[in-house]
Amino acid sequence: MSEGLLIVGEEVCAQVVNSKDAFDAVEAVFGAMARGDAYNFPVIREAIGYADALYGFKSGFDKAGKTLGVKSGGYWPGNMAKGLTNHQSTIFLFDPDTGMLQALVGGNYLTAVRTAASSSVSIAHLARKDAKVLGMVGAGHQSTFQLRAAAEQRDFEKVVAWNPHPEMLPKLGAVAKELGLDFEAVTQEELGAQADVIITITSAFEPLMMKDWIKPGTHIACMGTDTKGKQEVDPAILASARVFADEIAQSITIGEAQHAIAAGQIAEADITPIGAVINGDHAGRSSADEITLFDGTGVGLQDLAVASVAAHQAEKQGKATRVAL
Ligand code: NAD
């Protein structure tokens, strides 16, 4: 990128970064993390004691991709009433050679596509090739992005879905229909019985899927648990599955694995970074009957990776604004 600060707004991000771009960027950075070429810095997340907001920073450096930066933002629960997204974020990219601010990139759309890319990467590398039924647990803002990205990885024929607030399901059903997939709202047990791949993307604090409901050979991507105390699945699933994560440090502290670790049902050594599979250093799924579980906690390097794509593409297409600092 040339001199000056590049500004890339939310609308431009949606124009210049599609799910394939996000997949490639996230897959590459997970690989770099597992090789030790990229690392995330400690996450800051604070209740600011105002507007019930949570505010924080996720940052890191990818030496391979030469991406240095920070995503700043958080959760403002009152925003919905103002017609705004509750989750708000902005990504700052810095030149790793000089420390100069290079780009200011809207982070709301990119957060959704990079999170969807994460589960999508896990499906690409871990799900059975013959998977036909996708199970969706959750029907909020992220869920449609998750569904669209997952649909690109396997020849799914049908989506089965469950959500604690069933009135939210038709929006997901409309996206399934748009993708040419059958859609059925089911109970949690039926979802487990039918699905070959399951994505959980809720704000739950207790298990929504139990071990006995899940078929052998299922791949499950747990995407909602990104904070201490949150939980989406029965820890017994982790104990019986081969477990993978975006980053092990986050998986055991704020991810789905926190509960199975605390209960002594699995050890840290039982978790494999998905980057090891991407790099060809781990075989991934070992048999057609094995249950694989991906703990997608969300790391700052994912944000930086997609923001870097957005900045380059926006500049190339003449869609970014450049200002002198
Ligand atoms: P949203 O508010 O739009 O939707 C929330 C979803 O959770 C809905 O399906 C809702 O019915 C369900 N839900 C709400 N309260 C619940 C409860 N107490 N128990 C069970 N389910 C409940 O949120 P979203 O933007 O779709 O995000 C979903 C989750 O994903 C959030 O927890 C968010 O923090 C998390 N998230 C994770 C990542 C990541 O990288 N892993 C990235 C973004 C968001």
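Residues numbered from 1 in each chain as written. Predicted model: local features only at pLDDT ≥ 70, side-chain atom pairs only at ≥ 80, totals over all residues. Heavy atoms only, no water.

A. Representation of helix α2 (residues 19-35). Over its 17 residues, α2 extends 24 Å from the first C-alpha to the last, a length consistent with the 24 Å expected when each residue adds 1.5 Å. Within the sequence span of α2, burial applies to A22, F23, A25, V26, V29, F30, G31, A32 and M33. Turning to α2, the residues buried within the fold contact β2 (38-40), β4 (54-62), α3 (108-126), α10 (274-278), β17 (292-295) and α11 (300-316). By the N-cap criterion, in which a side-chain oxygen at the helix start approaches the backbone nitrogen of a residue two or three places on, α2 is capped by N18, the distance to K20 being 3.1 Å. (Helix = DSSP H or I, 4+ residues; strand = E, 2+ residues; numbered from the N terminus. Expected span 1.5 Å × (residues − 1). Buried < 20%, exposed > 50% of the residue type's maximum accessible area, 1.4 Å probe, protein only. Contact = heavy atoms within 4.5 Å. Polar contact = N/O pair within 3.5 Å; in protein donor to acceptor, adjacent residues only side chain to side chain.)

B. Region of the structure containing the domain arrangement of the protein chain. Domain assignment breaks the protein chain into domain 1 (5-111 + 301-323) and domain 2 (119-298). Distance from the C-alpha centre of domain 1 to the C-alpha centre of domain 2: 24 Å. Together, the buried faces of domain 1 and domain 2 total about 1300 Å²; carbon and sulfur atoms form 59% of this surface. Broken down residue by residue, the surface that domain 1 buries against domain 2 is led by F23, E27 and F30, which jointly contribute 35%. Across the contact surface, domain 1 and domain 2 share zero salt bridges. Where domain 1 touches domain 2, the interface holds six residue pairs in polar contact (both at pLDDT 80 or more). Contributing elements (two or more residues each) for the side of domain 1 that touches domain 2: α2 and α3. Sorting elements by how many residues they give to the side of domain 1 that touches domain 2 places α2 first, with ten residues. (Domains from an automatic or database assignment. Buried area = accessible area lost by both parts, 1.4 Å probe. Salt bridge = Lys/Arg side-chain N within 4 Å of Asp/Glu carboxyl O.)

C. Structural context of the site of the ligand. Around the ligand, a shell composed of 22 residues is seen, among which R114, H141, N163, H165 and K230 lie nearest. The side chain of R114 places a nitrogen or oxygen atom 2.7 Å from an oxygen atom of the ligand. The contact in question runs from an oxygen atom of the ligand to an N or O atom on the backbone of T202, over 3.1 Å. Burial of the ligand by the surrounding chains reaches 81%, relative to a free accessible area of 860 Å². Per-class residue counts for the shell around the ligand are six nonpolar, 13 polar and three charged. (Near = heavy atom within 4 Å. Areas by Shrake-Rupley, 256 points an atom, 1.4 Å probe, with all protein chains shown as cover. Nonpolar A, V, L, I, M, F, W, Y, C, P; charged D, E, K, R; others polar.)

D. Looking closely at α3. Here α3 contains 19 residues, and its C-alpha end-to-end distance of 28 Å stays within 8% of the 27 Å for a straight helix at 1.5 Å per residue. Summarising burial for α3: 17 of the 19 residues are buried, a large majority.

E. Structural view of the side chain of T115. With respect to the helices and strands, the residue T115 is situated in helix α3. Those residues in contact with T115 that sit more than four places away from it in its chain are Q142, Q146, M223 and Q302.

F. View of the sheet that holds strand β16 (residues 271-273). Pairing is parallel across the open sheet formed by eight strands, whose spatial order is β10-β9-β8-β11-β13-β17-β15-β16. If you trace the sheet from one side to the other, it starts and ends with β10 (182-185) and β16, each paired once. Between one strand and the next, the sheet's axes are offset by a mean angle of 20 degrees, whatever the strand orientation. Judged from the three bridges that link them, strand β15 (residues 242-245) and β16 form a sheet pairing that is parallel. Each bridged residue has a counterpart across the sheet, and for V243 the counterpart in β16 is I271. This element, helix α5 (residues 169-178), spans β8 (133-137), β9 (158-162) and β10 of the sheet and lies at about 165 degrees to β10. (Pairing = 2+ DSSP bridges. Axes fitted to C-alpha atoms, helices over the stretch in contact; angles between N-to-C directions.)

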